[in-house]
Structure formats: C-alpha cells, structure tokens
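# Summary of the model geometry
Each chain, letter by letter, is given below.
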Amino acid sequence: MTIPKPLEFLLGLPLYAPVAYEGEQVWDVLEVLYFSGTYDSFCVKCKRESTFKVSAPHRPDEYKRNYVREKWERQHGVDSEHPLPPSAVYSVGANCTRHESHRQDFLFFIDYQIIPSDSDPPIVKWSIQKIGQQPSYGDLHLLQVKKYTHVLSKAQLGELTRAIGLASHDVGVGAYVYLRRIFENLVEEAHVVAKEASSWDEDSYSRCRMGEKISMLKAHLPTFLVEHPGMYSLLSKGIHELSEDECLKHFATLRLGIELILDERLEARERANKIAAAKAAIQKAVGDAGA
Ligand SMILES: [Zn+2]
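Note that the structure is predicted; figures quoted are calculated from it, not measured.

Here is what the cut-offs are and how they apply
Residues numbered from 1 in each chain as written. Predicted model: local features only at pLDDT ≥ 70, side-chain atom pairs only at ≥ 80, totals over all residues. Heavy atoms only, no water. Pairing = 2+ DSSP bridges. Helix = DSSP H or I, 4+ residues; strand = E, 2+ residues; numbered from the N terminus. Axes fitted to C-alpha atoms, helices over the stretch in contact; angles between N-to-C directions. Patch = residues over 30% accessible without salt bridge, like charges linked within 9 Å, V, L, I, M, F, W, Y side chains within 5 Å. Areas by Shrake-Rupley, 256 points an atom, 1.4 Å probe, with all protein chains shown as cover. Salt bridge = Lys/Arg side-chain N within 4 Å of Asp/Glu carboxyl O. Donors = N, O, S within 2.8 Å, 3.2 Å for Na, K, Ca; no water. Tetrahedral: all angles 85-135°; square planar, octahedral: opposite > 155°, others 65-115°. Buried < 20%, exposed > 50% of the residue type's maximum accessible area, 1.4 Å probe, protein only. Lys, Arg positive; Asp, Glu negative; His and termini not counted. Polar contact = N/O pair within 3.5 Å; in protein donor to acceptor, adjacent residues only side chain to side chain. Core = buried A, V, L, I, M, F, W, Y, C linked by side-chain atoms within 4.5 Å. Charge placed at Lys NZ, Arg CZ, Asp CG, Glu CD. Domains from an automatic or database assignment. Buried area = accessible area lost by both parts, 1.4 Å probe.

### What to know about the sheet that holds strand β2 (residues 38-43)
Here six strands make up an open sheet; going across it, the order is β1-β6-β5-β4-β3-β2 and the pairing antiparallel. The open sheet is flanked by β1 (19-21) and β2, the only strands paired with a single partner. Ignoring strand direction, the axes of neighbouring strands in this sheet form an average angle of 35 degrees. Note that strand β5 (residues 103-115) and strand β6 (residues 123-134) share eleven bridges and pair antiparallel.

### So, a nonpolar patch on the surface
A cluster of nonpolar side chains, Y112, I114 and V124, forms an exposed patch at the surface whose accessible area comes to about 270 Å². For Y112, the position within the fold is in strand β5.

### A closer look at the coordination of the zinc ion
Bound to the zinc ion on the protein side are C43 (SG), C46 (SG), C96 (SG) and H102 (ND1), at distances that span 2.2 to 2.4 Å. Each of the four donor atoms bound to the zinc ion contributes to angles spanning 98 to 120 degrees, and the resulting shape is tetrahedral.

### Description of the side chain of K130
Along the polypeptide, K130 turns up in strand β6. For the buried residue K130, which engages in no salt bridge, the nearest side chain bearing the opposite charge is E8, 10 Å off. A distance of 2.7 Å separates a polar atom in the side chain of K130 from the backbone oxygen of L13. At 2.7 Å, the side chain of K130 forms a polar contact with the side chain of Q133.

### Remarks on the nonpolar core
Residues Y148, L160 and F183 are the most contacted members of the largest nonpolar core, which totals 38 residues. Residue assignment for this core shows that the elements contributing at least two residues are α4 (137-145), α5 (154-168), α6 (172-194), α8 (210-216) and α10 (244-290). Among the nonpolar cores identified, the runner-up in size contains 34 residues, and V32, Y34, C46 and V54 belong to it.

### Observations regarding a negative patch on the surface
On the surface, E188, D201, E202 and D203 cluster together into a negatively charged patch. Structurally, D203 can be placed in helix α7 (residues 202-207). A relative accessible area of 53% places D203 in the exposed class.

### Things to note about unusual backbone geometry
For the bond from Q134 to P135, the omega torsion is -5 degrees, close enough to zero to count as cis. Along the chain, the position of P135 falls in the loop between β6 and α4. In this model, Y16 sits at a positive phi of 60 degrees, which is unusual for a non-glycine residue. Its place among the elements puts Y16 in the loop between α1 (6-12) and β1. Of note in the backbone geometry, K47 takes a positive phi value of approximately 60 degrees without being a glycine. Within the secondary structure, K47 is located in the loop between β2 and β3 (48-54).

### Re helix α3 (residues 67-75)
The distance from a side-chain oxygen at the start of α3 to the backbone nitrogen of V68 is 3.2 Å, and the residue carrying that oxygen is N66. After α3 finishes, the residue G77 shows a positive phi value of roughly 65 degrees.

### Here we look at the pairing of β5
Here seven bridges tie strand β4 (residues 89-96) to β5, and the two strands are oriented antiparallel to one another. Bridge pairing in β5 links V89 to F109. In textbook terms, the turn of a hairpin is the stretch between consecutive antiparallel strands, and for β4 and β5 this stretch comprises six residues.

### Overview of the domain arrangement of the protein
Each assigned domain of the protein is listed here: domain 1 (1-134) and domain 2 (136-291). Looking only at domain 1, the three residues that lose the most surface to domain 2 are P14, F42 and Q133, adding up to 32% of its buried area. At the boundary of domain 1 and domain 2, one finds zero salt bridges. Scanning the region where domain 1 abuts domain 2 turns up one residue pair in polar contact (both at pLDDT 80 or more). Of all the secondary structure elements, the ones that give two or more residues to the side of domain 1 that touches domain 2 are α1, β2 and β6.

In structure tokens:
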C-alpha cells in the first residue's frame, strides 16, 4: 500500500483509518507530519475556497532526506538507515490567507505494534492515522458539496451528504456503500448517453465488470477514472466482504472520482451559461446597432 500524499491525508482521509508503513515509506510519513507550504481548501468561515498557509513545526535535521548520501550508500552497498519518528501525537496547523484568524488544524498519531515472533529483533509494525481535525471532516466537506446542487439530483446530493456524515463518524462500510451507489448511478447516467450511439455494443457492456465498463464509457467520463482502474477494486466486492478499515481507506479515492465527474459537469454548465450570456449580449448589441 502506498502512503497517501500529505494533502490527501490532511483533507481527504476520514479519521481513524490507520495506514501501515515500513522501510523508506517513513519519508512519505515525515512529509505528512512536517508538511509545510500552502494548500487550497474550503474555508468554512469565508464560506469559499481559500489558500491556507501552514505554520510548519521545526523539522529536525535527521528527518530531512539526504539524496546525495542515499545515492552514495546505494552505490557502496550500504543499507540506508531511516529515521524513526517516535510514537506520539503530531500536529499540522494552517491559517487562511484571507483572514489570519481562520484556521485548520490536524492531529496525527504514530503508533506501533510488536508482533510476537521468534525473530530477533522482534517484528515492529508502524502505522500513522489522523486522529483529530478542526473544522470537522463533516463541516469541511458538507459545505463543499453544496456547490454540486445544480449538477446532482436531490436524492444523490442527500446520499453524498450522508456518506460524508457517516465517514466523519468513522462508519466506514455505511459511508462507502452510499458513495458506491452514487458512483454507480453516475456511471449509469454516462451509459444512458453512450448507448444512443449506433456503434454501441450493449451485450458486451452488460457482461463487463466495472473497470471495463468505465473504459467503454471513456468518451463520457473523466480521463482520470479511465486511467485509474484501481479505484474500483472494492466496487465488485459484496458488502459482507468489506472491512471498516478498507472502506475508510478507499473512501477518499472514491469520493475524488465522484467529485471529478461532478466538477466536469459544473464546468460544462458554467460554459453553457457563459455562451448563453454571450449570445444574449451579441443579440442586444446587434439590436442596438440596428435600432
Ligand atoms: Zn477564511
């Protein structure tokens, strides 16, 4: 399993979804714990997208990567030593650049488990999980999905809201099932459009699994979905086969897939509105000139 990117950890993953790491993956974990710079997010106080600037904690020198040394070690067959951030709570905080007093804060917990075995030293399994945040996961995302009001049916918007609400209370399976329904509905809507084409092969579509269906619908869905078939690995599983942790971990990716589809719809809607406004303006100008 790859370690999610820092921003996905901060904003995308719900709470209490532990992500295991080992060996040099610790560098990706340190990127989360000592995240710095700026990022874009919804500000619940500005009630709009804003840029946040992280007030970065001091990152000790031994937690900074030295590629030159690592290259030398590889060339000389020396095993690189990786840092070992201790089991503790780490925090990342940021300020909205519109208003200094608007903040976002995130808490992470590094934990380890010693697996009993005859080996010496014993096997130690490390993990990182987000254990707290303000604004809450729900607040951060519920306000954000409101922008999809005009491109989703009321029922679907309700399901998306419920999915986020459940995920923010770490109800993994429940949240995932709602997202899955929305995702499958969106794919079905693309299917309805696609099958109007004379060259459409409905028989083979109906026999396909989700990944192949999406690739058949590639002209009607965002390229990202077509290029990341891993997103649907859980979609073909029965509900009884899903674990809470697995669902929470995949929640962010599936939500991202849904948002990509919806963002494209929003863009198309905005473009259509602009064209309509331009047409009206031209007609008015022509009318004024003729009068
Ligand atoms: Zn703000």
